[in-house]
Structure formats: structure tokens, C-alpha cells
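# Geometric and topological summary
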Amino acid sequence: MFDDVTKTLFLGLVIFLIGFLYCCFKRSIKRPMVLAGIVAMWLLITGILSVKGFFTRFDVLPPRIMFAVFPMVLLLVYTSISSKALTLAAHIPQTWLIHVQTFRIVMEIILWMLAKQHIIPEIMTWDGHNFDIVVGITAPFVAYFCFTAKKWGKNVALIWNVVGMLFLINVFGHGLLSAPTPFQVFVTNPPNTFVGYFPYTWLPAFVVPCAFLFHILSIRKILNNA
């Protein structure tokens, strides 16, 4: 059974990200509540399926958790190439897009707590192959020195964003390859199945895509001098 404190922290993080998205887009979208409604509906659908155990099947192809991941991948690809997404991002301060990545410190603490409860394998934490906390720790420095004090060039922020995305891909890859799927590479104890259970299904279905989204928007703003 998942620890109530860990669940509360994670749910608080999800709520924070919803609020942050609303604050980001309320000035650039005529009806920001529509966006909030879409996000809420996505979380509701994936949450209900998670509670009902839909995502706990990792022994089928494709693993059912991919039904929560694939739509987010399509959305991120669209954000990467859409001119409309760049227009919306123009109203979001660069410092916001970078500072918000500090939420990854909290996420890494949550993962560490789950590992200490033997709910997830250590490979998913900073004791294993997860270096994501570095992004969270360095975010305030990049935001300040690149865009507030302007002592560092924008290329520093660009490299930082790219590295941050590579760290996310690293974590996602290790998570996928250590899950008990037909193409499992890393055998772990306990098995890496926690994202199949509520509320942690929202990690690949919402939290990780948010981190990617902020990186993508920040990179596009830098490249377009927006």
C-alpha cells in the first residue's frame, strides 16, 4: 500500500502543475478554462482507468501504460512544430519556464521515498540511473544568470534545456526497460510497475509531459528570440 504522505506530495505536485499551466496560458488563450477543462478531463479519464487497474497489465503488447503515454507524445510533437504553440509561448516569461523545473526536486524526493518503501526500484532514483534532480537544482541559477542578470548567454539556457530533456528521456527509458514487459532489459526488485497504479499513472501521463513541454517552449522561444 502506498504511503499517504507520498501520495499527498504527488497529488500536490499535480495540482501545482495544473495551476501553473493555467497561469501561463490565461493571458494568451481567450478561454483558459477550456484548457483547464481538457487537462482535468484527461486526468479524470486516466485516473479512473488507473483505479480500475487498466494500466497494471505490462505483459501485453503494447503495455497498457502506453495508452496514457502515446497521446502525450503526439501533443509534444505538435508543440515542437506548431506556430500556434510558439505564439502562445510568447506570452510566457522565460524565467517562468525555467524556474518551474524546480518541481523536479520534489518529484525526485517522492521517487526516493517510494524506493525506501520498496515500491519502486532504486534504478528510478538518484541512487540509481536518475539524474533529474540536477535540472531542478540548477534551474534557478539558469533563470537568473541567463534572463534576469543576463551574465550568461542564451546558449547556456539552450544547452541546459537540451540536457534536461535528455535526462527525462534517460529516466523514461530506464523506467520502460525495467518494467516487466516482453522487452524488459533490467530485472529489478521490486518490479517497476508503480506507474500502473493510481495516482502514479499521472507521472508518465501528465507530470513528465509537463517537464518536456516547458523545455520545448523555452527552446522555441530562445531559437525564435521570442
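## Considerations on the overall build of the protein chain
A count of helices and strands for the protein chain gives nine helices and zero strands. Ordering the α and β elements of the protein chain from the N terminus gives α-α-α-α-α-α-α-α-α. Relative to a compact globule of 226 residues, whose C-alpha radius of gyration would be 17 Å, the protein chain shows 18 Å and is just as compact. Put simply, the protein chain has 226 residues, and 47% of those count as buried. When contacts within the protein chain are restricted to residue pairs at least 6 apart in sequence, those whose partners lie at least 24 apart make up 76%. Of the roughly 11300 Å² of accessible surface on the protein chain, 71% is carried by carbon and sulfur atoms.

## Description of the side chain of Thr 181
Following the sequence through the fold, Thr 181 ends up in the loop between α8 (154–177) and α9 (202–223). When sequence neighbours within four positions are dropped, the list of residues in contact with Thr 181 reads Phe 58, Pro 63 and Leu 176.

## Quick look at the environment of Leu 168
With respect to the helices, strands and loops of the structure, Leu 168 is situated in helix α8. Look at Leu 168 and you get buried, because its relative accessible area is 6%. Apart from residues lying up to four places away in sequence, Leu 168 is in contact with Arg 104, Asp 132, Val 208, Ala 211, Phe 212 and His 215.

## Here's the deal with the packing of aromatic side chains
Summed over all chains, the structure comprises twelve aromatic pairs. Ring centres of Phe 54 and Phe 55 lie 5.2 Å apart, and the angle between their planes is 80°; on these two criteria the pair is classed as edge-to-face. Considering the side-chain rings of Trp 112 and Trp 126, the 6.0 Å spacing of their centres and the 20° angle between planes classify their relative orientation as stacked. Within this pair, whereas Trp 112 is found in helix α6 (residues 103–116), its partner Trp 126 is found in the loop between α6 and α7 (133–148), the two being separated by 14 residues in sequence. Look at Trp 112 and you get partly exposed, because its relative accessible area is 32%. The exposure class assigned to Trp 126 is partly exposed, which follows from its relative accessible area of 34%. Joined through ring pairs, the aromatic side chains of Phe 16, Phe 20, Trp 96 and Phe 214 make up one cluster.

## Regarding the nonpolar core
If you look at the biggest cluster of nonpolar residues, it comprises 62 residues, and the most contacted ones within it are Phe 10, Phe 194, Phe 206, Val 207 and Phe 214. Elements with a contribution of two residues or more to this core: α1 (4–25), α2 (32–51), α3 (66–81), α5 (94–99), α6, α7, α8 and α9. Broken down by element, the residue count for this core peaks at 14 residues, all from α9. When residues no more than four places from it in sequence are discounted, the contact partners of Val 207 are Phe 10, Val 14, Leu 17, Phe 103, Met 107 and Trp 202.

## Focus: the packing of α1 against α2
A pair of packed helices is captured by two measures, namely the crossing angle of their axes and the spacing between those axes. Running from N to C, α1 and α2 cross one another at 155°; their axes reach a closest spacing of 9 Å. Between α1 and α2, the angle is such that the two are roughly antiparallel. You can see that α1 and α2 cross each other, and the crossing is right-handed. Every residue of α2 that contacts α1 at Val 14, Ile 18, Tyr 22 and Phe 25 is listed here: Pro 32, Met 33, Leu 35, Ala 36, Val 39 and Leu 43. Looking at the contact of α1 with α2 residue by residue, the class counts come to ten nonpolar, no polar and no charged.

## A look at the pattern of salt bridges
Under the criterion given, the structure shown has two salt bridges. For the salt bridge of Asp 59 with Arg 57, the shortest nitrogen-to-oxygen distance reads 2.7 Å. Residues Asp 132 and Arg 104 are paired through a salt bridge, measuring 2.6 Å at the closest nitrogen-oxygen approach. Linking Asp 132 in the loop between α6 and α7 with Arg 104 in helix α6, this pair joins segments that are 28 residues apart in sequence. Assessed through its relative accessible area of 4%, Asp 132 is described here as buried. Under the relative-accessibility criterion, Arg 104 is labelled buried at 1%.

Procedures and definitions
- Residues numbered from 1 in each chain as written.
- Predicted model: local features only at pLDDT ≥ 70, side-chain atom pairs only at ≥ 80, totals over all residues.
- Heavy atoms only, no water.
- Helix = DSSP H or I, 4+ residues; strand = E, 2+ residues; numbered from the N terminus.
- Rg over C-alpha atoms; globule rule 2.2 N^0.38 Å.
- Buried < 20%, exposed > 50% of the residue type's maximum accessible area, 1.4 Å probe, protein only.
- Contact = heavy atoms within 4.5 Å.
- Areas by Shrake-Rupley, 256 points an atom, 1.4 Å probe, with all protein chains shown as cover.
- Phe/Tyr/Trp six-rings, centres within 6.5 Å; stacked < 30°, edge-to-face > 60°.
- Core = buried A, V, L, I, M, F, W, Y, C linked by side-chain atoms within 4.5 Å.
- Axes fitted to C-alpha atoms, helices over the stretch in contact; angles between N-to-C directions.
- Parallel < 35°, antiparallel > 145°, perpendicular 65-115°, else oblique.
- Left-handed = near helix turned anticlockwise from the far one by under 90°.
- Nonpolar A, V, L, I, M, F, W, Y, C, P; charged D, E, K, R; others polar.
- Salt bridge = Lys/Arg side-chain N within 4 Å of Asp/Glu carboxyl O.

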